[in-house]
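Fold and geometry: a report
The lines below spell out each chain.
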Amino acid sequence: MAGYKVLGVAAATGKVGYALLEGERLIDWGLSKVASKSPAQVAAKTSYWIDLLKPDAFVSERLTKRMRKHGLTIKLLAAIAKAAEDAPVINVTVPRLRLHKNKYEEAEALTRRFPDLKSQLPEKPPCWLPEPRSMIFFEALTLALSLTLTDEAA
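Within any chain, residue numbers begin from 1 and follow the written order of that chain's sequence. Local features in a predicted model are, by the rule used here, given only for residues with pLDDT of at least 70; side-chain atom pairs are given and counted only at 80 or more, and totals for whole chains, interfaces and linings are based on all residues. As a rule here, side-chain values come from all non-hydrogen atoms in the structure, and water together with hydrogens is ignored.

1. Here we look at the environment of Leu-53
Under the DSSP-based scheme used, a helix requires at least four consecutive residues in state H or I and a strand at least two consecutive residues in state E, with every element numbered from the N terminus. Summarising the element assignment, Leu-53 is placed in helix α1 (residues 39-53). Along the primary structure Leu-53 and Lys-118 are separated by 65 residues, whereas in three dimensions their C-alpha atoms are 22 Å apart. Once residues lying within four places of it in the same chain are set aside, the contact partners of Leu-53 are Lys-5, Leu-7, Tyr-18, Leu-20 and Asp-28. Here, residues are in contact when the closest pair of their heavy atoms is within 4.5 Å.

Spelled out as structure tokens, the structure:
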């Protein structure tokens, strides 16, 4: 996918984020708390990001029985995929790849590859605290990269 712009969008409790790759370069990332409130809001934000960033391909998480997400997040993921169906992009849903022991190790590995994200790298909080908001960037980036990994494996 060299030279192509790939937009990955991820959803988690209280946050929706994106990462935009151009070839092997991370060129933008962002998040929205408001978009995580309802399927209608996440669909609107997804369409906005697609219109603004003009990716060639769009990647979101495929809904599976084995996924760890639940409740509203499942509805958000379905709305993200549906919004992308109507966009002029290659639209791909992929199962969430788990190539590391946990999300925090994955985020560390991604910052080695994409040093611009180093300022977003959170420390793992105690189990009674919520996941840091910035983790959504790494999840979105993993989704975007999964298209590249799939392309390289083919």
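2. Here's the deal with the nonpolar core
Remark: nonpolar core denotes a set of buried residues (Ala, Val, Leu, Ile, Met, Phe, Trp, Tyr, Cys) joined through side-chain atoms within 4.5 Å. Buried means the residue's accessible area, taken with a 1.4 Å probe over protein chains only, is under 20% of the maximum for its type, while exposed means over 50%, and partly exposed covers the values in between. Among the nonpolar cores identified, the biggest contains 24 residues, and Leu-21, Leu-26, Phe-114 and Leu-141 are the most heavily contacted of them. Those elements giving two or more residues to this core turn out to be β1 (5-12), β2 (15-22), β4 (57-61), α3 (103-113) and α4 (135-153). It is α4 that contributes the most residues to this core, ten residues altogether. Discounting chain neighbours no more than four positions away, the residues touching Leu-26 are Ala-19, Leu-20, Leu-21, Phe-114, Asp-116, Leu-117 and Leu-141.

3. Re the pattern of salt bridges
What counts as a salt bridge is simple: a side-chain nitrogen of Lys or Arg found within 4 Å of a carboxyl oxygen of Asp or Glu. Applying the stated criterion to the full structure yields five salt bridges. Its salt-bridge partner being Lys-103, residue Glu-131 comes within 2.8 Å of it at the nearest N-O pair. Of the two residues, Glu-131 is situated in the loop between α3 and α4 and Lys-103 in helix α3; the sequence distance between them amounts to 28 residues. Between Lys-103 and Glu-139 there is a salt bridge, with its nearest N and O atoms 3.7 Å apart. One end of the pair, Lys-103, is in helix α3; the other, Glu-139, is in helix α4, with 36 residues separating them in the sequence. Taken together, the shared-partner salt bridges in this structure form one network comprising Lys-15, Lys-103, Glu-131 and Glu-139.

4. Notes on α3
Those residues of α3 that fall on the buried side of the exposure criterion are Tyr-104, Glu-106, Ala-107, Ala-109, Leu-110 and Thr-111. Pairs of N or O atoms within 3.5 Å make up the polar contacts considered here, provided that, within protein, one atom can donate a hydrogen while the other can accept it, and that residues adjacent in sequence are counted only when both atoms are side-chain atoms. Of the residues that open α3, the one with a side-chain oxygen 2.9 Å from the backbone nitrogen of Tyr-104 is Asn-102.

5. Quick notes on the sheet that holds strand β3 (residues 25-32)
Strand pairing requires that DSSP identify at least two bridges connecting the strands. On the basis of which strands lie adjacent, the open sheet formed by five strands has the order β3-β2-β1-β4-β5 and mixed pairing. A single partner strand is all that each edge strand has here, and the edge strands are β3 and β5 (90-94). In this sheet, adjacent strand axes meet at a mean angle of 20° when their direction is disregarded. Sheet topology places β2 next to β3; seven bridges connect them, and they run antiparallel. Within β3, the position partnered with Leu-20 by the bridge is Asp-28. In this analysis, axes come from line fits to C-alpha atoms, helices being fitted only over the stretch in contact, and the angle between any two N-to-C directions falls in the range 0 to 180 degrees. Helix α2 (residues 72-85) contacts β1, β2, β4 and β5 of the sheet and is inclined by roughly 155° relative to β1.

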